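# An overview of the molecular structure
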Amino acid sequence: MDYSLKYQERNQGAHKFIMWLAIASSCMIFAGFTSAFLVRKGAGGAWTGFDISSVFSISTFIILFSSATMLVAHIANKKGNLGFASFALFLTFACGLLFCYFQYTGWVYLTNQGFYPAGNPNPSPQFLFVIVIIHAIHVLSGMLFLLIASVKSFMLLKSDKQLVVNPNSNVLQVRTDLLSMYWHFMGILWLYLFGFLYFFL
Amino acid sequence: MVTSAIENNIDGQAHHHTETFISKYIFSLDHKIISRQFLFAGMAWAVLGGLLSVLFRTQLAWPNETFPVLETLFSTWYTDGILKPEAYNAMITMHGTIMIFFVLTASLTGTFANLLVPFQIGARDMASPLLNALSFWIFILASVFMLASLFAPDGAPSAGWTVYPPLSALPQTSPGSGLGMTLWLIAIALFIISTLMGGLNYISTILNMRTKGMTMYRMPLSVWALFFTAIVGLLAFPVLLSAAVLLIFDRGLGTSFFLSNIVVGGSPLPYSGGSPILFQHLFWFLGHPEVYIIILPAMGIVSEVLAIHSRKPVFGYKAMIFSLLGITIMSFLVWAHHMFVSGMNPFLGGVFTVFTLLIAIPSSIKVFNWLTTLWRGNFHINPASIFAVGFVSLFISGGLTGIWLGSSTVDIRLHDTYFVIAHFHLVMGVAAFFGMFAGVYHWFPRMFGRMMNNTMGYIHFGITFVGAYLIFWPMHFMGLSGVPRRYYHFNEFDAFSQYANMNVIITVVTIIVFITQFIFIFNFFHSMYFGKKAPQNPWNATTLEWTSPVEGIHGNWEGDLPVVHRWPYDYSKPGADEDFIAQTTPLKEGEIESH
């Protein structure tokens, strides 16, 4: 392998590492929220818990399913199957959209039960509100890149195939490893938040 | 970010392509240019931050005088020639915010991490140049919001740089808690995103992009310090982001995370169940590591500059690294020493006292090693080296009072007095500026290919150094007498009338020191264009940045990257022909590598 390729490979490894660090700092944001949650709950005073398992179970299932479609997209992309990769990426994007929709309906259901975030002497719904919204913002930013990757993959399929070739594998592809890491992290993060809220709310 | 990396073929060879002014100097992806951009932005912010301190110091020195000139210049902040009380609060808030976040965090790290990390580890650029550029431009966006908050129509933010609720959470509490505070919070959220983007990149670049032979123990201390700075930032800033988000929700959506049982103007507000102490915990979980985010890069720069200009290896290289590591870990265990008076359990106060005092150990190791690096060195006097020595002096003077304040029993007495102001300005305010000045004077030839003027540098150093002590030394005594910080004037307090003249002296010196900084700015821009042309390696330093062409080429080195054979502190090595051996020089037969 010539020197420039080695350098590029290291550079791509560095990008992956950046994603790991971004995940770590993202964890710290939610560590901030959940620790504030525990401190507030431990301080005593009004605190009404409620069961969220039925409210957010559909969205939890969807985001776990979307991890599977992401995996399929990543493998298809690695094999150079651009069409299928593009489709699976789009499917993952659609799952993200559905996830956000069911988070929203879950939230509407809770407010109908009287769990308002604002002007409520019970602070538990407002913590739930912030956690759900900030997680959804993370998911939405991931969806933006899913859409870009999907469109790019589709355009690559239609374009002159000599344009972009990964020099390491000689397979025509877009880069999905970082996206895949981020998306699985979104699923794991929600699973953690769901478990946390289920046990501590 | 995700899909474009393969197309962005950052190859191993330097390649030239036509660039316009905009692509080269404005939306550049080159670490050298981004470093300059951070420096220029930081200088602009520092002038504004300094100007605000001159304004509020003028009020403290002459509380009954009128200044029609200042009213003409800053009409929104003055009535009848006198600074308005709410504007005074805004000035101190914005001075702290600007200096801490925009100058000493963003610009200090942004300038030197961008300049030194790729250069000193032998990389063509950052791991992700795009993320690097984005980091700068999001910083500029944050700057726009912060600047806008200063000129908010109902008043600039005035809740102090710590923005404690309920003052910061309720718009009706003060004029500055309205739109100004909202803009402040947006600016800080953007600022955190920018800092995180930078930090991710620095860590990944240091761990993944080192050139052949550049083992971790062959990295200069400047890179080590920037590495630990980025780690602290990466773990601490997200928590402040959480706090800012919760505060934004409290302000905008009526939640009660930090608010409870509040009565304004006789009418109770609907908030209940929140805790303002919770905000203090979240804030100081960042706030204390933040002071290390500021001081660690300065420490790294000073270690490097002192060794080079003493023509000696840095004393205790590994001890320096492990004390940096010690400070990094311990910086997360001391935050509540800012909250000793918030009704904390005395036992918990004791625990935080012990941790706080323990952090003095790695700090003292560093001071000891700087002094022993200087000891019997062949010290070359120039602005860079004396600013580095000035840093050590200020760090010792300010650090010693940290031991007082770290003890909860003493702190309860001195909390929120001028003693605290004196302590932190010396140890992490002025000291960090001295580290930054040392870095600018030292690496100016590397950044612009020209030398700065030494005479102007000496004048700059002399007045700033003496001025710093004249300003902050008396404040210790004021604080010990109980003079509280953040007060608009002390006319009503007979007990403090003895300090009226002292306030005048401090203010006069502040104005002189502020004006002196323009000598530096003139020197900087004049030397950029008319300074003496710099030779390839003006300080006879060993590190890799001085092997890259002076004119600064894309990719840093023509052809292959340099290969490293030794540690970065081979100065005055016995048996060597010169008093320095570059890191790229192979070991002679039988030569043992120093560590």
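One can find the structure itself at the top, above this paragraph.
Described below are features of the structure shown in this document. Counting starts from 1 at the beginning of each chain's written sequence and moves along it residue by residue. Working convention: letters from A go to chains and numbers from 1 go to ligands, in the order in which they are written. The predicted nature of this model means local features are confined to residues of pLDDT at least 70 and side-chain atom pairs, given and counted, to a pLDDT of 80 or more, with totals for whole chains, interfaces and linings taken over all residues.

Moving on: the overall build of chain B. Numbered from the N terminus, helices here are DSSP runs of H or I no shorter than four residues, and strands are runs of E no shorter than two. Scanning chain B from N- to C-terminus turns up 16 helices and four strands. For a compact globule of 595 residues, the expected C-alpha radius of gyration is about 25 Å, and chain B comes in at 24 Å, within 12% of that figure. C-alpha extents for chain B along the principal axes are approximately 85 × 55 × 55 Å. Two residues qualify as a contact pair if the distance between their C-beta atoms, derived from the backbone, is within 7 Å. Within chain B, counting contacts between residues at least 6 apart in sequence, those at least 24 apart form 81% of the total. Based on C-alpha atoms, the radius of gyration is set beside the globule rule, defined as 2.2 Å times the residue count to the power 0.38.

A word on the packing of helix 11 (residues 360-374) of chain B against helix 12 (residues 383-406) of chain B. Residues and elements named next belong to chain B. Simply put, an axis is a line fit to the C-alpha atoms, just over the touching stretch for a helix, and the angle between two N-to-C directions goes from 0 to 180 degrees. Direction vectors running N to C along helix 11 and helix 12 enclose 155°, while the axes themselves pass 11 Å from each other. Considered as vectors, helix 11 and helix 12 are oriented roughly antiparallel to each other. Considering only the axes of helix 11 and helix 12, their crossing is left-handed. Here Ala 360, Ser 363, Val 367 and Trp 370 of helix 11 lie close against helix 12, whose contacting residues are Val 392, Phe 395, Ile 396, Gly 399 and Ile 403. Roughly parallel means an angle under 35 degrees; roughly antiparallel means over 145; roughly perpendicular covers 65 to 115; every other angle is labelled oblique. For a crossing to be left-handed, the near helix must be turned anticlockwise from the far one by less than a right angle; the clockwise case is right-handed.

Moving on, we come to helix 3 (residues 82-112) of chain A. Note: α-helices contain 3.6 residues per turn, so residues at a spacing of three or four share the same orientation. Helix span, as expected, comes to 1.5 Å for every residue beyond the first. Its 31 residues give helix 3 of chain A an end-to-end C-alpha distance of 45 Å, which sits within 8% of 45 Å, the value for a rise of 1.5 Å per residue. Gly 114 of chain A lies just past helix 3 of chain A and shows a positive phi near 100°.

Let us look at the packing of helix 9 (residues 317-330) of chain B against helix 11 of chain B. Residue and element names in this part refer to chain B. As a packed pair, helix 9 and helix 11 sit with axes 8 Å apart at the nearest point and diverge in direction by 150°. Overall, the two elements helix 9 and helix 11 adopt an arrangement that is roughly antiparallel. Considering the relative orientation of helix 9 and helix 11, their crossing is left-handed. Between helix 9, through Ala 319, Met 320, Ser 323, Gly 326 and Ile 327, and helix 11, the contact on the second element is made entirely by Pro 362, Ser 363, Ile 365, Lys 366 and Asn 369.

Quick look at unusual backbone geometry now. Residues and elements named next belong to chain B. Following Pro 165, the chain continues into Pro 166 via a peptide bond in cis, with omega recorded as 10°. Relative to the helices and strands, Pro 166 resides in the loop between helix 5 (129-150) and helix 6 (179-208). Even without glycine at this site, Val 163 takes up a positive phi of about 35°. Three exposure classes are used. Buried residues have 20 or more other C-beta atoms within 10 Å of their own C-beta, exposed residues have 12 or fewer, and partly exposed residues fall in between, all C-beta atoms being placed from the backbone. Val 163 gets classed as buried once you count the C-beta atoms within 10 Å, which come to 23. One non-glycine residue, Asn 540, lies in the positive phi region at around 50°. Mapping Asn 540 onto the fold places it in the segment after helix 16 (500-530).

All names here are of chain B. Structurally, Ser 527 can be placed in helix 16. Given 21 C-beta atoms within 10 Å, Ser 527 falls into the buried group. The spatial distance from the C-alpha of Ser 527 to the C-alpha of Phe 444 is 9.1 Å, given a sequence separation of 83 residues. Setting aside anything within four residues of it in sequence, one finds Ser 527 in contact with Phe 444, Arg 450, Met 451, Met 452 and Asn 453.

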